[in-house]
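Geometric and topological summary
Chain by chain, the residues run as shown.
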Amino acid sequence: MKLIEILLIIVAAAIVVSVAAVAVINRKKGRNSCGCDCSSCGCNCCASKTREAKSDDETKKLPQ
Amino acid sequence: MIKFALAGNPNCGKTTLFNSLTGSTAHVGNWPGVTVDKREGIYKKCEEPVSVIDLPGIYSLSPYTPEEVIARKYILDEKPDCVINIVDATNLERNLYLTTQIMEIDVPMVIALNMIDALEKAGDKIDAKELEKRLNIPVVKISALKEQGLDELMKRAYEASKIERKGETVLGESALKHLIGDVRIALSGQNVENPLFHAVKLVEGDELEVSAHKETLPMIDEFKKTFKDDVFGTDFEALIADGRYKYISGKFSPVLKRKSEAKFVESRSDKADKVITHRVWGIPIFLLVLFAIFHLTFSENFLYLGSIFNLPTLEDAGLINAEGEAINYGVRWLACIYDGAVYSPGVIFNNIWNDMIVGELFGFIQGGVENSGMSEWATGLINNGIIDGVSSVLSFLPWILTLFLFFSILEDSGYMARIAFILDKMFRKFGLSGRAFMPMIMGFGCSVPAIINTRTLADEKERTATIRVIPFFSCGAKLPILTAIAGGIVAYFGVGNADIITYGMYLLGILTAVLSVLIMRGTTLKGETPPFIMELPAYHAPQFKNLMLHLWDKTKHFVKKAFTIIIASTIVIWVLTHFSFNWKYLADEQINQSIMAGISQLFQPIFTPLGFGSQLGEYGWVFVVGAIAGLIAKENVIATFATLGACLVAVAGLDITGLDINSEDGIDAVRAMIQVTGIGVPGLIAYIAFNMTTIPCFAAVATAKAELGSKSRYKLTLLFWLLTSYIVSSLVYTVGSWPWCAVLWAAALAGVIAFIVVRNKNVKIKE
Amino acid sequence: MNKPLNEFKVGESGIVKSVSGEGKIKRRLFDMGITNGAEILLRKKAPLGDPIEITVRNYELTLRKTEAACVNMEVK
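Please read all numbers here as calculations on a predicted model, not as lab measurements.

1. Focus on the nonpolar core
Residues and elements named next belong to chain B. Ranked by size, the top nonpolar core spans 239 residues in total, and within it Leu6, Ile84, Val110, Ala112, Val203, Ile485 and Ile688 carry the most contacts. A domain-level breakdown of this core finds at least three residues from each of domain 1 (2-161) and domain 2 (171-242). When neighbours within four sequence positions are excluded, alanine 112 is seen to be in contact with Leu17, Ile84, Ile86, Val87, Val140, Ile142 and Leu153. Counting residues in each nonpolar core, the second largest holds five residues, with Ala341, Val342, Tyr343 and Val347 among its members.

2. Observations concerning the domain arrangement of chain B
Residue and element names in this part refer to chain B. What the domain assignment reports for chain B is domain 1 (2-161) and domain 2 (171-242). Relative placement of domain 1 and domain 2: their C-alpha centres are 27 Å apart. On the side of domain 2, eight residues touch domain 1, which itself brings six residues to the contact.

3. Examining the interface of chain B and chain C
Of the residues lining the interface, 30 residues belong to chain B; the matching set on chain C comes to 34 residues. Looking at the side of chain B that touches chain C, the elements with two or more residues in it are helix H3 (92-102), helix H11 (236-252), helix H13 (282-298), helix H19 (415-429) and strand S9 (533-535) of chain B. Classifying every residue of the side of chain B that touches chain C by side-chain character gives 16 nonpolar, five polar and nine charged. As paired elements, S9(B) and strand S5 (residues 59-63) of chain C share three bridges and run antiparallel to each other. Residue B:Met534 lies in a different strand from S5(C), and its bridge partner there is C:Thr62.

4. Points about the confidence of the model for chain C
Summing up the model confidence of chain C, the mean pLDDT is 91 and the portion of residues at 70 or higher is 100%. Scored as a complex, the prediction yields pTM 0.81 and ipTM 0.95.

5. Observations concerning the pairing of strand S4 (residues 82-88) of chain B
Residues and elements named next belong to chain B. Counting buried residues in S4 gives seven out of seven residues, a clear majority hidden from the surface. Burial along S4 is two-sided: Cys82, Ile84, Ile86 and Asp88 and Val83, Asn85 and Val87, pointing in opposite directions, are all buried. Two strands pair when backbone bridges link them, and strand S1 (residues 2-8) and S4 are joined in this way by five bridges, in the parallel orientation. Among the inter-strand pairings, phenylalanine 4 is bridged to a residue of S4, identified as cysteine 82.

6. Focus: helix H29 (residues 667-677) of chain B
Residues and elements named next belong to chain B. The buried fraction of H29 amounts to ten of the eleven residues, a majority that puts the element mostly inside the structure. What H29 keeps buried is the set Ile667, Asp668, Ala669, Val670, Arg671, Ala672, Met673, Ile674, Val676 and Thr677. The elements touched by buried residues of H29 are helix H23 (479-493), helix H27 (621-629) and helix H28 (635-650). The positive-phi residue at the C-terminal boundary of H29 is glycine 678, with phi of around 70°.

7. What about the sheet that holds strand S6 (residues 71-75) of chain C?
Spatially, S9(B)-S5(C)-S4(C)-S3(C)-S2(C)-S6(C)-S1(C) is the arrangement adopted by the seven strands of the open sheet, whose pairing is antiparallel. With partners counted over all chains shown, the strands left at the sheet margins are S9 of chain B together with strand S1 (2-4) of chain C, one partner each. The sheet shows a mean angle of 40° between the axes of neighbouring strands, direction not considered. As judged from the three bridges shared by strand S2 (residues 13-19) of chain C and strand S3 (residues 39-45) of chain C, these two strands associate in the antiparallel manner.

8. Looking at helix H1 (residues 23-31) of chain C
Counting buried positions over the nine residues of H1(C) gives seven, a clear majority of the element. Taken as a whole, H1(C) has its buried residues at C:Ile25, C:Lys26, C:Arg27, C:Arg28, C:Leu29, C:Phe30 and C:Asp31. On its buried face, H1(C) is in contact with H11 and S9 of chain B together with S2, helix H2 (65-68) and S6 of chain C. Just downstream of H1(C), C:Gly33 is the residue with a positive phi angle, here 95°.

Calculation notes
Residues numbered from 1 in each chain as written. Chains lettered and ligands numbered in written order. Predicted model: local features only at pLDDT ≥ 70, side-chain atom pairs only at ≥ 80, totals over all residues. Core = buried A, V, L, I, M, F, W, Y, C linked by C-beta atoms within 7 Å. Buried ≥ 20, exposed ≤ 12 C-beta atoms within 10 Å, placed from the backbone. Domains from an automatic or database assignment. Contact = placed C-beta atoms within 7 Å. Helix = DSSP H or I, 4+ residues; strand = E, 2+ residues; numbered from the N terminus. Nonpolar A, V, L, I, M, F, W, Y, C, P; charged D, E, K, R; others polar. Pairing = 2+ DSSP bridges. pLDDT = per-residue confidence, 0-100. Axes fitted to C-alpha atoms, helices over the stretch in contact; angles between N-to-C directions.

Printed below as a string of structure tokens:
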């Protein structure tokens, strides 16, 4: 097998694995894998949820 | 980081202000209720960075719809450092009604008097200083659109956030003064936060409040007994609303000096509405607008100029040589715009994109790969697996963008809200309100935002029914399936007209939606028709910048999807179709021994009643693969076709002349599939119908799950989608193949409806 | 003369006398500025005769006749 063909296999496998991994991670985080770009459709459901989680952490750390 | 919340009535320009402040590109529209969830951005021009939160629009702090609850909860529970209350200066009284409620919360606030430019253009004047004095809250004049007064606003808000503010009420002079005062003292004694706000809401009898303070209720009832009003008796809700508005029109509104003294002024919007929502012309105009949009996007005979002037085709003019190729490069460009008829803008955009850009580019790459000396499987994976799949999806960008542009214009101008007004009565017949129209029409763009937008619907059952039928409003990703298969039918069978098939399928989707709403509202989701009380926003010219932002976002999303989910799916499908169960590489001709063939042949019989199952023989499973891949994302259907079509051409003994399998629109891939499997027109149409009405895509399913709230309702929804698609496409197939079946189906449908009607009547009588 | 808002003709205007109706609807009507003393002009009816479009507190509002029936008006 040529080098470029081995490279091709690696790249193709990487694409499939990473897309699947991102989808699984999103699901675990409770984010729905919003198919549509949320900033464009006024939902921002994914973005706001992750930020919420983050800000929650921050407030926990800070003594109030 | 300090947090400023933007609160105000729907459609008062909160999101425009949010975008201007934070440099975001959130979606802005001209109908009440575009923003249905809160979102955050950062404003950097203050002394310290400020987190700005855009909340859904609300008319009052007693919520009515799910998205209004979000806004109230945020202000009360998250305690922003400052609330920026955006007040539409052109609609002062109603906007200040919310202001008088936010004032009662112990939170620093400033008022942003928005749309000052529009107000002053109309010749009216407003005295912001005087208003500030009377409200005892900083007031800043701004124009969110023209980005005027924003720095001043943020400066004042920053100053205000440093000073504690105690809630104040305008009801202090009303008859309720003592009652509210007593409840407030009682609540303060219980260490309740924001005692004044809760006191007022409790006296009002606000649902959320009453259930949150059950233990205080008996005491309040005691207080209430001592109270009696001459006009309202003991209708505390009316008393408080009345008190607020009386105070506003007495004390606050006089700061606004109108040019005209008349009570009811006729604005330009009103004049436009006289025609657009006319009693007779309203509906024809609406239909004309819809037709115009489809004509401008899809027609290959723009304004029928070709037919009217009997224009010559390029062949007649001698610009095409015997091989069917343009004689020079200039003619190729001309062919994008004209051939016997002028093309519509959508088609021109499409031709230029595909013939001159995508086709050239990918053709060049594929040529390079072929000559690179890589082995057969490697060129196959790159050219047929990846490039054919991705380019077949990318090639639909122009159509999707054109259609999306027109819908954005309708939305931005304020016409969408009028459509709800025009169609409400029709919608009520189906048990929905005109408001449900908005998420439905958004469904033509993408189901995900459409499903989320159903939050503007106040009624839970109406919401569920609407979410379930949204996928039937064929989204942008389903368009490629439609045009490719319709194109394939016309090209192979030489029957019909691709445009008519496309329109027809859109109509079939709408019809399915209407019927299923009717059936659902008659059976599982019975309920009163929800009320319809909605603001009609003034018309305004669509903002060019805004439109471009919408389009840019859509493009970004589409391209991103093509290079992630679609590319991964096509690679998987290619691998599964080119390897046998013992992991031996198979050439294109041998796809029938592949893993994919083995698996999907198992499923093939299920689809027999739908016309694309076992009757298609040994290669029929390719349609099954497309349909199943489509459950992940509908773009996959056509990407799968492109990959498998290339294999089918290679299947031995095929005689496909004049076929360009690498064409970007997927039509030739469909032709190859038709030729190999021998599928007929009814089966193909049924195939489109199946894809249009079945489970839309992973993203939409996840969104529906989140929005429906209950697990059982979500599972029923999935079942509903599967069942509907199965029934609809078997109907299409059987009626298409054997027309007499129409009688059977009509009888069955009539039977079901009659059964529901009779049963519901019996239930009513019993009650 | 008193009559409910749903019986108004196009172009007729009046003053709100009282608002009745079921909880949520009444609440919404109040929030939208339909309170006692508010002046309302019936601007137009939709192509199918329902809903109606009114001007109240200087803006345009649309509501159905069934909801308008909750609003008792004094004709001017």
